[in-house]
Amino acid sequence: MKPLDRHYLSLQFKYQIFMKHGAEFQSFFEGIMEKVFTDFQKIKPLGNAGDGGNDGYRKKSGIYYQVYAPNTPKINEPKAADKLKKDFQKLKDKWGEITKIKEYYFVFNDQYSGSVIPLESAISTLEAQNPDKAFRLFLAKNLEEVFFQLSESDMLDLGFNIDQRQAISNAFSYLENIEKEFDKENLTFAKILLDGIKEIIIAIDNDALSLEYEILECRYLQKTEKIDEAKKRYEDISTRFPENSRPLLYLAEIYLNDYDFEKNYEFLEKAKRIDANSWLLSLEQLLRTIYLGEKIEGNKIDENTFPDDPKIKASFFRIYGLVLENNGDKINAERFINTAIHLNPDRLSNYIAQLTLLESRLLSCREATLRQRLAQELLAGLTIVENKFFVYGGIGSRNRADLNAKKLSVFLVLENIAEFESVCKDTFELLMDCYFNVQIDQKLVRVLQYVSLPDDKLNQLLEYILNSSKNISEDLSKVLIFKFLSTRSVG
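Remember, predicted model here, so these are calculated numbers, not experimental data.

S.K.: Quick one: what's the story with the overall build of the protein chain, residue by residue and with numbers?
M.R.: Broken down by element type, the protein chain carries 22 helices and 5 strands. C-alpha extents for the protein chain along the principal axes are approximately 75 × 55 × 50 Å. Per-residue burial for the protein chain yields a buried fraction of 49% across its 491 residues. Long-range pairs, those at least 24 residues apart, make up 67% of the contacts in the protein chain between residues at least 6 apart in sequence. As displayed, the protein chain has an accessible area near 24,400 Å², and 49% of this comes from carbon and sulfur atoms. In the protein chain, the 66 positive side-chain charges and the 76 negative ones have mean positions that sit 3 Å from each other.

Okay, here's the thing in C-alpha cells:
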C-alpha cells in the first residue's frame, strides 16, 4: 500500500470513529472483524434476553467481545467501567457453558482519548476474580490496527476509498470536530485530535486544509495561555497565506486583550483590506468598540444582520447580550444570551455569559433578601456549568479562574469565609498559569486583597510578573507593596 493511500484510509477510519455511536459503531466494528477473522461470529440480541454480554465471539478461540460506544466517551467512562463488569457476569452466566471463555475484550469507542482509571480498575478487579481468563480493553487504536490487516479490496468493500477529494472532505469534517471540542473548552481532547491528524494533513498537502489546521493549532496555543508563541505562529501564517484575513483577526484579538489598541487597529485594517465582509472582522470590530468604552445603542442592534451559521450567530447574540445588560436592558439581555445557548448549547462561553448576567445583578443589588436569593441562584448556575463542562477535564486556567471569581462574589454575600478563602487560594494558582494581561491583573488585585501569601508564593508571583512583558496596574502595585511590607514586618 502506498504511504499516501494509507494516510487517506487512516483519515477515513478516524472520521468514522468520531461519527459512529451505539448500534452504528457496533455494525462498523462487526464489519471489520468479519473481514479480518473468518471465525468471528456476531450475535443478534434476542428480545428481553439481549445478547448475554456477547456482541460477537470467536468460538474455537474462546474470545468474546462486548461493544460500548457512547456519544460522549469522556462523560460515560464510569458507566463504561460498570458495564464492563456487569456484561462479563452476564457473559459468564449465559455463554460460559457454550464455549469456554478464555479472553474477554471490552470494545470501547474512546475516540482516541485512551484508557482511564475506572476502566483499568474494572479490568484489574475481573482479573483478580477470574485468574484463568484474560481481560483486555479494545479501544479505537486497537480497531484501527485490526483494520489495517485488511486487504485493499476488503477496505473498498467496507466503503473506504483512496480518492483524494473524499480525503480532503473528511479532513475538513474532522477539523470541525476539533472546533466542537474548543467550544466545550475540552482542550486535552482537542490536542489529542490535533496530534492524531497532523501527519495526515502534511501528507495530503492541501493549502486550504493546512491553513485550517494551523489556525486550530494557534487557537489551541491561545487557549492554553501560550500567547507569545501564538502571536509568532499567526504572523507566520499571515505571511504564507496573505489572502486570508483570519490570522490577522486573531492577532487583533490578542492585542485587544492586551489593551494595545494601536496594534489591534493595525491588524483590523490589514484584515479589512483582504476581506471587508468577513463575519470575524465584524465581530472583532464589535469587541474593539466595547473595549474602548464606546456606547452601543440597543435599539440599533439588528438581529437580521447576524450571520446565518448558528454557531457564528450565537457569538453575536452572546456579545450583544452583555452589551444590553450593561445598558440596563435586562429583558433583552436574557433573551440574547438564551438565544446564544439555544444556537450553540455546547459552547462554554455562552454559559459564562449567562452567569455574568447573574453576577452583575448580584453586585448591583442592595436589598439583603434579594441578594441572598441571587447568590444562591448564581451558585446553582455555577454548579450546573461545572457538571456540564468540567467532566471533560480540559478546561483552561483562565476560564476556571473566571468561574472562581463568580464564586467569590457568591461566598462574600453568603458570608462563607472558609469557602471564600479556599476559592481565593485556588484562583491564585490558576492565575499563575495564565498569560499576564489586564484581565489577569484585575483578578490578581481582587484575590490578593483577601489571601495571605507565604514567602514562596510571593516569590512565585514576583517572578511571574517580572517574566511578563506587560506593565502592572497601579492597583496591583499597591497590593504588592502592601504584601511585601507585611511580609517584612512579620519577618
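S.K.: I'd love a proper account of the packing of aromatic side chains, names of residues and values included.
M.R.: For the structure shown, the criterion picks out 36 aromatic pairs. Measuring from ring centre to ring centre gives 5.3 Å for Phe 18 and Tyr 174, while their planes differ by 80°; the resulting arrangement is edge-to-face. With Phe 18 in helix H1 (residues 3-19) and Tyr 174 in helix H7 (residues 164-183), this pair connects stretches of sequence that are 156 residues apart. Residue classification places Phe 18 among the buried positions, given a relative accessible area of 8%. Judged by relative accessible area, which is 2%, Tyr 174 ranks as buried. Taken together through their ring pairs, the aromatic side chains of Phe 13, Phe 25, Phe 28, Phe 147, Phe 148 and Phe 160 make up a single cluster. Above the face of the Phe 148 ring, Arg 6 is positioned so that its terminal group lies 3.9 Å from the ring centre. Taking NZ or CZ as reference, Lys 263 lies 5.9 Å from the ring centre of Tyr 255, over its face.

S.K.: Account for the packing of helix H8 (residues 187-204) against helix H9 (residues 207-223), naming residues and giving values.
M.R.: For the pair H8 and H9, the least separation of the axes is 10 Å and the interaxial angle reads 155°. Considering the angle they form, H8 stands roughly antiparallel to H9. The interaxial crossing formed by H8 with H9 has left-handed handedness. Where H8 abuts H9, its residues Leu 187, Lys 191, Leu 194, Asp 195, Ile 197, Lys 198, Ile 201 and Ile 204 lie against Leu 209, Ser 210, Tyr 213, Leu 216, Glu 217, Tyr 220 and Lys 223. Class assignment for the residues of the contact of H8 with H9 results in 9 nonpolar, 1 polar and 5 charged.

S.K.: Mind laying out the pattern of salt bridges, listing which residues take part and the relevant values?
M.R.: Enumeration over the complete set of coordinates arrives at 36 salt bridges. One salt bridge in this structure joins Arg 335 and Glu 303, with 2.7 Å as the shortest N-O distance. Of this pair, Arg 335 sits in helix H15 (residues 330-343) while Glu 303 is found in the loop between helix H13 (279-291) and helix H14 (310-326), placing the two residues 32 residues apart along the sequence. Look at Arg 335 and you get partly exposed, because its relative accessible area is 36%. A relative accessible area of 30% places Glu 303 in the partly exposed class. Salt bridges sharing common partners tie together Glu 325, Lys 330, Glu 334 and Arg 361.

S.K.: So what about the sheet that holds strand S4 (residues 103-108)? Which residues, and what values?
M.R.: Backbone-to-backbone hydrogen bonds pair the strands of a sheet. The strands run either parallel or antiparallel. Taken together, 5 strands build an open sheet; the order of strands is S1-S2-S3-S4-S5 and the sheet is mixed. Of all strands in the sheet, those bounded by a partner on one side alone are strand S1 (40-42) and strand S5 (134-138). Between one strand axis and the next, the sheet turns by 20° as a mean value, whatever way the strands run. Across 3 bridges, S1 lies against strand S2 (residues 56-58) in antiparallel orientation. In the sheet register, Gln 41 faces S2, and the bridge partner there is Tyr 57.

S.K.: How would you sum up the environment of Gln 164? Please name residues and give values.
M.R.: You can see Gln 164 is positioned in helix H7. Distance in space between the C-alpha atoms of Gln 164 and Asp 5 is 8.8 Å, their sequence separation being 159 residues. The residues contacting Gln 164, other than those within four sequence positions of it, are Tyr 8 and Ile 204.

S.K.: Give me the nonpolar core: which residues, what numbers.
M.R.: Formed by 66 residues in total, the largest nonpolar core has its most connected members in Tyr 320, Phe 428, Leu 444, Leu 448, Leu 461, Tyr 464 and Leu 476. Of all hydrophobic cores here, the second largest spans 50 residues; its members include Tyr 8, Phe 37, Tyr 105 and Leu 193.

S.K.: Go over the pairing of S5, please, and point to the residues and values.
M.R.: Taken together, the 5 bridges between S4 and S5 define a ladder with parallel strand orientation. Note that in S5 the partner of Phe 106 across the bridge is Leu 137. In terms of handedness, the path from S4 via helix H4 (residues 117-129) over to S5 forms a crossover that is right-handed.

S.K.: Lay out unusual backbone geometry in plain terms, naming residues and giving numbers.
M.R.: Non-glycine residue Tyr 112 carries a positive phi angle of around 70°. You can see Tyr 112 is positioned in the loop between S4 and H4. Owing to a relative accessible area of 17%, Tyr 112 belongs among the buried residues under this scheme.

S.K.: Hey, could you go over the confidence of the model for the protein chain for me, with residue numbers and the actual values?
M.R.: Overall, the predicted model of the protein chain reaches an average pLDDT of 91, with 97% of residues at or above 70. Mean pLDDT across the elements of the protein chain bottoms out in helix H22 (residues 474-490) (77) and peaks in helix H12 (residues 261-274) (98).

S.K.: Now, about H15: what can you tell me, with residues and values included?
M.R.: Compared with an ideal rise of 1.5 Å per residue, which puts 14 residues at 20 Å, H15 spans 20 Å between its outermost C-alpha atoms and is within 8% of the ideal. Listing the buried residues of H15 in full gives Ala 333, Phe 336, Ile 337, Ala 340 and Ile 341. Projected down its long axis, H15 shows its buried positions confined to an angular sector of 140°, all on one face. Structural note: H15 exposes Ile 331 and His 342 on the side pointing more than 90 degrees away from its buried face. Packing partners of the buried residues in H15 comprise H14 and helix H16 (348-364).

S.K.: A description of a nonpolar patch on the surface should follow, citing residues and the corresponding values.
M.R.: Residues Ile 481, Phe 484 and Leu 485 make up a contiguous nonpolar surface patch of roughly 300 Å² in combined accessible area. Along the chain, the position of Ile 481 falls in helix H22. Take Ile 481: its relative accessible area is 52%, and that puts it in the exposed class.

Conventions used here
- Residues numbered from 1 in each chain as written.
- Predicted model: local features only at pLDDT ≥ 70, side-chain atom pairs only at ≥ 80, totals over all residues.
- Heavy atoms only, no water.
- Helix = DSSP H or I, 4+ residues; strand = E, 2+ residues; numbered from the N terminus.
- Buried < 20%, exposed > 50% of the residue type's maximum accessible area, 1.4 Å probe, protein only.
- Contact = heavy atoms within 4.5 Å.
- Areas by Shrake-Rupley, 256 points an atom, 1.4 Å probe, with all protein chains shown as cover.
- Lys, Arg positive; Asp, Glu negative; His and termini not counted.
- Charge placed at Lys NZ, Arg CZ, Asp CG, Glu CD.
- Phe/Tyr/Trp six-rings, centres within 6.5 Å; stacked < 30°, edge-to-face > 60°.
- Lys NZ or Arg CZ within 6 Å of the ring centre and 35° of its normal.
- Axes fitted to C-alpha atoms, helices over the stretch in contact; angles between N-to-C directions.
- Parallel < 35°, antiparallel > 145°, perpendicular 65-115°, else oblique.
- Left-handed = near helix turned anticlockwise from the far one by under 90°.
- Nonpolar A, V, L, I, M, F, W, Y, C, P; charged D, E, K, R; others polar.
- Salt bridge = Lys/Arg side-chain N within 4 Å of Asp/Glu carboxyl O.
- Pairing = 2+ DSSP bridges.
- Core = buried A, V, L, I, M, F, W, Y, C linked by side-chain atoms within 4.5 Å.
- Right-handed = clockwise from strand over helix to strand, strands pointing away.
- pLDDT = per-residue confidence, 0-100.
- Expected span 1.5 Å × (residues − 1).
- Arc of directions from axis to C-beta.
- Patch = residues over 30% accessible without salt bridge, like charges linked within 9 Å, V, L, I, M, F, W, Y side chains within 5 Å.

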